[in-house]
Amino acid sequence: MSVTNGAPAPLLRLEGVNTYYGQMHILQDVDLEVGEGELVCLLGGNASGKSTTLKTILGVVPPRSGKVVLAGEDVTRYSTAKRIERGLAIVPENRRLFGPMTVLENLELGAYLRPRADLKEDLERVYEIFPHVAARRKQLAGTLSGGEQQMVAMGRALMARPKLLLMDEPSMGLAPILVERSFEIIKQVHSAGVALLVVEQNANVSLSIADRGYVLSTGRVVLEGRASELIRHEELRKAYLGR
Amino acid sequence: MDWDKIVQLLVNGLTLGSVYALVALGFSMVYGILKLLNLAHGDVLMVGAFIGWGVLGWLGGAQDPSVAVWILLTLMVLAAMAGCGFLGVAIERFAYRPLRRAPRIAPLISALGVSFFIQNSVLLLFGANFRSYESFDLVDVEVGIHWGPLNVWILRIVVMASALAMMLGLWILVTRTKLGRAMRATAFDREAAAMMGIDVDRVIVKTFFIGSALAGAAGVLVGLVFGSINHFMGFGYGLKGFTAAVVGGIGSIPGAMFGGILIGLAEAFSVGYIEDVTFGRLGSAFSDLVVFLILIGFMLLRPQGIFGKKDVKKV
Ligand SMILES: Nc1ncnc2c1ncn2[C@@H]1O[C@H](COP(=O)(O)OP(=O)(O)OP(=O)(O)O)[C@@H](O)[C@H]1O
Ligand SMILES: [Mg+2]
């Protein structure tokens, strides 16, 4: 039997994951872990496979080999719905709100698999974090500003009451002040006990709030470690942090 | 002005229009969710008309029905809706789903194939003869509203009312229910919908079921008020329904209703007046000309239709 070393039990584990789009081999033998309540960031250049990693975890794209394990349960063959029921949610790249639908409907879709009886409570919880969203609930999501859309996208994901929240470039396209604000919210969600796997181009800021980090390059994990160590890492500085 | 004639044409147009609207709704729903023109949709209507005719015969026929007329009508419509709903599900499963990632022309050709397949199957089963619902035996022509120039046979009222009721039901389903929300989300962004945990395949299947069930109901309504049915009838209704969907704005539910009524009225009034207007050079058989001129006009001037958004892609 293995001896526990005091590290949090892994909520999510990817074991030797290989994901393809048709003939294109994207993720190559990816191993990755996120512990209970941990904040992990996933870094990497363009087209390195960060979004594909999140889609593989969520089950939108099936891996050709390897395992996705959620809270000890092998979910590799499970549908997205089953995985969401086990505590996943995503803030997708570019937010992907349902533009012709109202903010409220978008939030309700985030709670698609939740019992109807909890809807009101879930909504109130989200409105508490984003009071501004409450005021906009009748507005069509497509007419919101970029910052508002980001809040709705986060709110929509939180409606699922995730144990692990996947976020794909939450600060993309936001003004600096809103970037700061969205990292504040990430910290707030994290301190509420939710584990996060955050994809970011903005390595400096994300490493400063993360517990651990992984660096992807052309579909392989090339670096991993504690955020405090990664942030000082020579190669990483050159590749992503240096200007 | 010949008010009797105008009122009569108005009634004809609204009856026809409510049927076109039902067909257009099915077109629009499927197009909205798969960006696919379901060319077999008119043939589903034809199958519905035959199912209704079969139920009518099975329950004693129009002269001597073995149940009350309203029960008979309800059963005819429900049977056609159920039968066509499952037909639609089968079409999606076997003709469209395998081609979902193929280039767009592939499902279009597959749809044409399904259309021929259904037509020829019915031809094989029932022959090329026209069949009739003989609904004048079922409900006397004199029964209905007689109010000044307004003379409406009760069956026409039933047809319009049930079409309207189904449209309202669909509207509530799409705007107020969880399934409706899932349908709209899937139509807008399939992958994002999947990321919310929506079972996209199931939503597509249900969309086909509902759209095809509406076509099946429309088939029975057509049989009831316009008499004869045959294996080829789906083509015309399909084309008019498609026109109505495009004119209203394909993908839009109010658009399909509005387009249906507009096309129905246009057809009825051109049947009534085309001879006068062209000094006898064109007969009422040319009324379709007007309908398709409207289609071409919209394609050229407002391709997104009345209720459509600008970004609708053309096939
Ligand atoms: N649906 C798809 N079909 C085919 N190839 C795809 C698909 N989605 C992504 N790819 C390819 O997979 C590779 C990895 O894409 P991915 O979106 O995971 O990168 P990323 O790290 O998120 O990049 P970015 O920082 O630009 O968002 C890219 O080369 C991309 O072109
Ligand atoms: Mg990406």
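What you see is a predicted model; the values in this text were computed from it and never measured. (Residues numbered from 1 in each chain as written. Chains lettered and ligands numbered in written order. Predicted model: local features only at pLDDT ≥ 70, side-chain atom pairs only at ≥ 80, totals over all residues. Heavy atoms only, no water.)

Caption draft 1: Layout of the overall build of chain B. From N to C terminus, chain B includes twelve helices and four strands. Seen through its principal axes, chain B has C-alpha atoms that stretch 60 × 50 × 40 Å. Residue pairs at least 24 apart in sequence account for 76% of intrachain contacts in chain B once pairs closer than 6 positions are excluded. When the accessible area of chain B is evaluated, it comes to approximately 14,400 Å², of which 70% is carbon and sulfur surface. Between the centroid of the 23 positive side chains of chain B and the centroid of its 18 negative side chains there is a distance of 16 Å. (Helix = DSSP H or I, 4+ residues; strand = E, 2+ residues; numbered from the N terminus. Contact = heavy atoms within 4.5 Å. Areas by Shrake-Rupley, 256 points an atom, 1.4 Å probe, with all protein chains shown as cover. Lys, Arg positive; Asp, Glu negative; His and termini not counted. Charge placed at Lys NZ, Arg CZ, Asp CG, Glu CD.)

Caption draft 2: Broad picture of the overall build of chain A. Assigned secondary structure in chain A consists of ten helices and ten strands. For chain A, whose C-alpha radius of gyration is 18 Å, the value lies close to the compact-globule estimate of 18 Å for 243 residues. A sequence separation of at least 24 residues applies to 69% of the contacts in chain A between residues at least 6 apart. Entry remark: accessible area of chain A is about 11,200 Å², with carbon and sulfur atoms responsible for 50%. Of the side chains in chain A, 30 bear a positive and 28 a negative charge, and the two mean positions are spaced by 3 Å. (Rg over C-alpha atoms; globule rule 2.2 N^0.38 Å.)

Caption draft 3: Spatial organisation of the confidence of the model for chain B. Looking at chain B, the pLDDT average stands at 91 and 98% of residues meet or exceed 70. Overall fold confidence (pTM) sits at 0.91, and the ipTM for the predicted complex is 0.91. (pLDDT = per-residue confidence, 0-100.)

Caption draft 4: Main features of the coordination of the magnesium ion (ligand 2). All names here are of chain A. Protein ligation of the magnesium ion (ligand 2) involves Ser51 (OG), Glu93 (OE) and Glu93 (OE), the donor distances falling in the range 1.9 to 2.7 Å. Placement of Ser51 in helix α1 (residues 50-58) and of Glu93 in the loop between β6 (88-91) and α3 (103-110) is noted, with a sequence separation of 42 residues between them. For Ser51, a relative accessible area of 15% corresponds to the buried category. We classify Glu93 as partly exposed; its relative accessible area is 27%. (Donors = N, O, S within 2.8 Å, 3.2 Å for Na, K, Ca; no water. Buried < 20%, exposed > 50% of the residue type's maximum accessible area, 1.4 Å probe, protein only.)

Caption draft 5: View of the pattern of salt bridges. Residues and elements named next belong to chain A. Overall, the coordinates contain 21 salt bridges over all chains when judged by the stated rule. Of the charged contacts, one joins Arg86 and Glu73 as a salt bridge, the two residues approaching to 2.8 Å between their closest N and O atoms. Separated by 13 residues along the polypeptide, Arg86 in the loop between α2 (80-85) and β6 and Glu73 in strand β5 (residues 73-74) bring together distant segments of the chain. For Arg86, a relative accessible area of 29% puts it in the partly exposed group. Taking relative accessible area as the criterion, Glu73 reaches 28% and is therefore assigned partly exposed. (Salt bridge = Lys/Arg side-chain N within 4 Å of Asp/Glu carboxyl O.)

Caption draft 6: Inspection of the sheet that holds strand β4 (residues 65-70) of chain A at higher detail. Residue and element names in this part refer to chain A. The strand order across the open sheet built from four strands is β2-β1-β4-β5, with neighbouring strands paired in antiparallel fashion. Among the strands making up the open sheet, the edge pair consists of β2 (24-35) and β5. Where strand β1 (residues 10-21) meets β2, eight bridges bridge the pair, whose relative direction is antiparallel. Across the sheet, residue Thr19 finds its bridge partner in β2, namely Leu27. Across the face of the sheet, α1 comes into contact with β1, β2 and β4 while running at roughly 115° to β1. (Pairing = 2+ DSSP bridges. Axes fitted to C-alpha atoms, helices over the stretch in contact; angles between N-to-C directions.)

Caption draft 7: Region of the structure containing the domain arrangement of chain A. Residues and elements named next belong to chain A. Entries for chain A in the domain assignment read domain 1 (1-87 + 163-243) and domain 2 (93-161). Look at where the C-alpha atoms of domain 1 and domain 2 centre, and you get two points 23 Å apart. Here domain 1 and domain 2 share three residue pairs in polar contact (both at pLDDT 80 or more) between them. When residues of the side of domain 1 that touches domain 2 are traced back to their parent elements, those giving at least two are α2, β7 (164-168) and α7 (176-191). For the side of domain 1 that touches domain 2, the element with the highest residue contribution is α7, accounting for six residues. A class-by-class count of the residues in the side of domain 1 that touches domain 2 yields ten nonpolar, three polar and five charged. (Domains from an automatic or database assignment. Polar contact = N/O pair within 3.5 Å; in protein donor to acceptor, adjacent residues only side chain to side chain. Nonpolar A, V, L, I, M, F, W, Y, C, P; charged D, E, K, R; others polar.)

Caption draft 8: Fine view of helix α2 (residues 41-58) of chain B. The terminal C-alpha atoms of α2(B) lie 26 Å apart, and with 18 residues this matches the ideal 26 Å at 1.5 Å per residue to within 8%. Of the residues flanking the end of α2(B), it is B:Gly60, one or two places downstream, whose phi is positive at about 105°. (Expected span 1.5 Å × (residues − 1).)

Caption draft 9: View of the nonpolar core. Ranked by size, the top nonpolar core spans 124 residues in total, and within it A:Leu12, A:Leu32, A:Leu164, A:Leu197, B:Met76 and B:Ile198 carry the most contacts. Residue contributions to this core peak at 15 residues, all from helix α9 (residues 200-226) of chain B. Counting residues domain by domain, this core receives three or more from each of domain 1 (1-87 + 163-243) and domain 2 (93-161) of chain A. In this structure, A:Leu12 is in contact with A:Leu32, A:Glu33, A:Val34, A:Ile57, A:Val68, A:Val69, A:Leu70, A:Leu164 and A:Leu197, ignoring residues within four places of it in sequence. (Core = buried A, V, L, I, M, F, W, Y, C linked by side-chain atoms within 4.5 Å.)

Caption draft 10: A look at the interface of chain B and chain A. Of the residues lining the interface, 16 residues belong to chain B; the matching set on chain A comes to 23 residues. Of the roughly 1,900 Å² buried between chain B and chain A on both sides combined, carbon and sulfur atoms contribute 64%. By the criterion of area lost to chain A, the three top residues of chain B are B:Arg181, B:Met195 and B:Met196, representing 39% of everything that side buries. Inspection of the region where chain B meets chain A yields five salt bridges. Here B:Arg184 makes a salt bridge to A:Glu105, at a shortest N to O gap of 2.6 Å. Mapped onto the side of chain B that touches chain A, the elements with two or more residues apiece are α7 (178-188) and α8 (190-195) of chain B. In terms of residue count, α7(B) provides more of the side of chain B that touches chain A than any other element does, six residues in total. Residues of the side of chain B that touches chain A, tallied by class, amount to nine nonpolar, two polar and five charged. (Buried area = accessible area lost by both parts, 1.4 Å probe.)

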